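# What the coordinates show
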Amino acid sequence: MAQQENKLDRETFSCPICLDLLKDPVAIPCGHSYCMNCIQNFWDGEDEKRIHSCPQCRQTFIPRPVLKKNTMLAALVEELKKTGLQAAPADHCYAGPEDVACDVCTGRKLKALKSCLVCLISYCEKHLQPHHDVAQLKKHKLVEPSKKLQENICSRHDEVMKMFCRTDQQCICYLCSVDEHKGHDTVSAAAERTERQRELEVSRQNIQQRIQDREKDVKELQQEVEAINGSADKAVEDSEKIFTELIRLMEKRRSDVKQQVRSQQKTEVSRVKELQEKLEQEITELKRKDAELKKLSHTEDHNQFLHNYPSLSRLSQSTDSSSINIRPLRYFEDVTAAVSELRDKLQDVLRDQRTNISLTDTEVHVSLSGPEPEPKTRAEFLKYSRELTLDPNTAHTKLLLSEGNRKVTRMKQRQSYSSHPDRFTNYRQVLSRESLTGRCYWEVEWRGRGVDVAVTYKNISRAGRSHECLFGFNDKSWSLFCDTNSYDFYYNKVSTPVSGPQSSRVGVYLDHSAGILSFYSVSETMTLLHRVQTTFTQPLYAGLHICLDSSAELCEVK
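Thresholds, definitions, all that
- Residues numbered from 1 in each chain as written.
- Predicted model: local features only at pLDDT ≥ 70, side-chain atom pairs only at ≥ 80, totals over all residues.
- Heavy atoms only, no water.
- Helix = DSSP H or I, 4+ residues; strand = E, 2+ residues; numbered from the N terminus.
- Buried < 20%, exposed > 50% of the residue type's maximum accessible area, 1.4 Å probe, protein only.
- Contact = heavy atoms within 4.5 Å.
- Areas by Shrake-Rupley, 256 points an atom, 1.4 Å probe, with all protein chains shown as cover.
- Polar contact = N/O pair within 3.5 Å; in protein donor to acceptor, adjacent residues only side chain to side chain.
- Pairing = 2+ DSSP bridges.
- Axes fitted to C-alpha atoms, helices over the stretch in contact; angles between N-to-C directions.
- Core = buried A, V, L, I, M, F, W, Y, C linked by side-chain atoms within 4.5 Å.
- Expected span 1.5 Å × (residues − 1).
- Arc of directions from axis to C-beta.
- Salt bridge = Lys/Arg side-chain N within 4 Å of Asp/Glu carboxyl O.
- Patch = residues over 30% accessible without salt bridge, like charges linked within 9 Å, V, L, I, M, F, W, Y side chains within 5 Å.
- Phe/Tyr/Trp six-rings, centres within 6.5 Å; stacked < 30°, edge-to-face > 60°.

The name an unreviewed UniProt entry gives the chain is Tripartite motif-containing protein 16, with Nibea albiflora as the organism.

Set out below in structure tokens:
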């Protein structure tokens, strides 16, 4: 009975919010009591609603009640503290399904504070106290609460496993070491722990070093991001200024042309108006003269007729008709033609510059785990496929481009290409419009006597018969020559015979940053013909050299 009263007292004088003994107790209008701080904090969270309630009975109060300390209740709580009454443990002190429970507690168990590896028992704070007070128990090994204490008991001998068998890599008890593990390499669990601890520290050092390395990499990458953003922002700002200036110049030129046309228009209209007035005056004079002559023609007096005829028959000088030059709608056609020519030239320049200003030229290739492996199957190669087109400004005049500038055919007649400094003047060669960096793959389908499938730097020479212009005969280009019977690889005038299955389709794989260039024979399978490992210092361009009666096409691969 006394035990029930004691329990009732603890519940009576505990705050329903913090579950501890009341501190600075206050009673709210509904009659329930709380710690002053607890109820104030609770109501602070309800301020936005402007309605405050009791956490227990949910009665609401408007406005927020003014709290005053209940001195009588406070004195009673203090008196109870002096007599040794303590608040009941809060619910969070009891062990839940996921917690380690005290093995000594009866009834509802409290959470364990420590587990003893000697006793193989978990203790709450109260039941752990003897391990702090008793000299013999102080020697026991206490660890964080664990549900796996029974795993330290040998299932065969029901003894604590204090040994470790290095032969079988498992914990054992002393009896195991002289029984089924007899003759094995056994040590104490503590000794094995010390050894593994050293290994663990080495692993941690390695991990920490890798963390430092990766943090350094991340910092460098962040700097790279900032550099890229800064460079891009500056490029955009500068290009905006240049294009604004260009637009201003175009606007000024447009205004000048308009002003010149209007001025010329005014002059021409004035000239025509002046001539028109002369002609109208002449018409008036001629009509007057015609009327006089008509009147004279009706004169019956012969003498009068003959007397007046000499003065009336003389006509004034007529306006020179050669000054009348009528050109309907053609006065300013030369201006329109000149502006159209300017537009076409500007379009060509902008088209070329759009090709040259390629974001792939500034590709940032970052790899923290080393170079990626080369593709093995055609499907893997196609992940890096590039849609390439041929640049008409580089094509020799006896090469015909077709199929949307993807196919090139050698012709006997010269084509009507305009003059361009990028054009090959002697060798029947052509380059792609697109530059190549990063990882790229493309395929070439060829027909005829033979073609060179090449890659080259853009600054390869274009004019003349020098080998500096020919794919594979300088240090700026790499070329695989394909004919109906064989392959040969050329670089810097050095020829290397290449063996492999003959095919009308050649695949080219480029890993620019890794310096890898590979040529493949493509049919039902892919066969490596030749592989180059070098260092590329500039963006590359695909190139084709077409022999007599031959053609080649950059394939659309998917």
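Following the structure, the description resumes.
### Brief notes about the overall build of the chain
Helix and strand counts for the chain come out as nine helices and 23 strands. Within the span of the chain, comprising 558 residues, buried residues form 30% of the whole. For the chain, the share of sequence-separated contacts (at least 6 apart) that also reach a separation of at least 24 residues comes to 54%. Surface summary for the chain: the accessible area is close to 36,700 Å², and the carbon and sulfur share equals 52%.

### So, the side chain of Asn426
For Asn426, the position within the fold is in the loop between β12 (407-410) and β13 (429-436). Within the local environment of Asn426, its side chain forms a polar contact with the side chain of Arg465, the two groups lying 3.1 Å apart. Residues contacting Asn426, with those up to four places away along its chain left out, are His396, Gly464 and Arg465.

### Regarding the sheet that holds strand β6 (residues 121-123)
A sheet is described by the order of its strands in space; here three strands give the open sequence β6-β5-β7, paired in antiparallel fashion. Only two strands of the sheet have a single neighbouring strand rather than two, namely β6 and β7 (142-143). With three bridges joining them, strand β5 (residues 114-116) and β6 adopt antiparallel strand pairing. Within β6, the residue paired with Lys114 across the bridge is Tyr123.

### Overview of the sheet that holds strand β19 (residues 505-511)
Reading across from one edge, β11-β12-β23-β14-β19-β20-β21 is the order of the seven strands in this open sheet, with antiparallel pairing throughout. Sheet topology places β11 (399-402) and β21 (526-533) at the edges, where each strand pairs with a single neighbour. Taken over all neighbouring pairs, the strand axes of this sheet differ in orientation by 20° on average, direction set aside. Relative to β12, β11 is paired through four bridges, and the arrangement is antiparallel. Paired with Ser402 across the bridge in β12 is Lys407.

### A short note on the environment of Cys124
Checked against the element boundaries, Cys124 lands in the loop between β6 and α4 (125-133). Excluding residues that lie within four positions of it along the chain, Cys124 makes contacts with Cys102, Cys105, Leu110, Lys111, Ala112 and Leu113.

### Quick notes on the nonpolar core
Grouped together as the largest cluster of nonpolar side chains are 36 residues, with contacts concentrated most on Val408, Trp442, Trp478, Leu480, Leu517 and Leu544. Residues contacting Val408, with those up to four places away along its chain left out, are Leu390, Leu399, Leu400, Leu401, Val430, Leu544, Ile546, Ser551 and Ala552. Phe13, Val26, Cys35 and Cys54 belong to the second largest nonpolar core, which has 18 residues in total.

### A closer look at the environment of Asn405
Among the secondary structure elements, Asn405 is positioned in the loop between β11 and β12. Separated by 149 residues in the primary sequence, Asn405 and Leu554 have C-alpha atoms spaced 8.9 Å apart.

### Brief notes about helix α6 (residues 189-297)
Its 109 residues give α6 an end-to-end C-alpha distance of 153 Å, which sits within 8% of 162 Å, the value for a rise of 1.5 Å per residue. Every buried residue belonging to α6 is among Glu192, Asp217, Val257, Leu275, Glu282, Lys289 and Leu296, and all of these are buried.

### Re the side chain of Asp217
Mapped onto the secondary structure, Asp217 falls in helix α6. Looking at Asp217, its side chain comes within polar contact range of the side chain of Arg214, at 2.9 Å.

### Quick notes on helix α2 (residues 36-44)
Residues spaced three or four apart along an α-helix point in a common direction, a consequence of the helix completing one turn every 3.6 residues. Buried within α2 are the following residues: Met36, Cys38, Ile39 and Trp43. Each buried residue of α2 sits inside an arc of 170° when the element is viewed along its axis, so together they form one side. Exposed side chains of α2 directed beyond 90 degrees from the buried face belong to Asn37 and Asn41. Packing partners of the buried residues in α2 comprise β1 (25-27), β2 (33-35), β3 (52-53) and β4 (60-61).

### Description of the pattern of salt bridges
Tallying each qualifying case throughout the model produces 26 salt bridges. Residue Lys69 is joined to Asp24 by a salt bridge in which the shortest nitrogen-to-oxygen separation is 3.5 Å. Of this pair, Lys69 sits in the loop between β4 and α3 (71-82) while Asp24 sits in the loop between α1 (2-12) and β1; the two residues are 45 residues apart in sequence, bridging distant segments of the chain. A residue is classified by how much of its surface remains accessible, and Lys69, at 45% relative accessible area, is partly exposed. Judged by relative accessible area, which is 42%, Asp24 ranks as partly exposed. Between Arg406 and Glu556 there is a salt bridge; the shortest N-O distance is 3.7 Å. With Arg406 in the loop between β11 and β12 and Glu556 in the segment after β23 (551-554), this pair connects stretches of sequence that are 150 residues apart. Given a relative accessible area of 53%, Glu556 falls into the exposed group.

### Describing a nonpolar patch on the surface
Together, Phe243, Leu246, Ile247, Met250, Leu342 and Leu350 make up a nonpolar patch on the protein surface, roughly 520 Å² of accessible area in all. Counting residues per element, the ones that place at least two in the nonpolar patch are α6 and α8 (333-356). Tallying contributions element by element places α6 first for the nonpolar patch, with four residues. With respect to the secondary-structure elements, Leu246 resides in helix α6.

### Regarding the packing of aromatic side chains
Inspection of the entire model under this criterion finds 12 aromatic pairs. Here Phe381 and Tyr509 contribute two aromatic rings whose centre-to-centre distance is 5.4 Å and whose plane-to-plane angle is 80°, an arrangement assigned as edge-to-face. With a gap of 128 residues between them, Phe381 in helix α9 (residues 378-382) and Tyr509 in strand β19 connect regions that are remote in the sequence. Considered together, Phe381 and Tyr509 belong to a single accessibility category, that of buried residues.

### Looking at the environment of Phe61
Topologically, Phe61 is positioned in strand β4. On a C-alpha basis, the gap between Phe61 and Pro29 in space is 8.2 Å, while along the polypeptide they are 32 residues apart. Excluding residues that lie within four positions of it along the chain, Phe61 makes contacts with Ile28, Pro29, Cys30, Trp43, Ile51, His52, Ser53 and Cys54.

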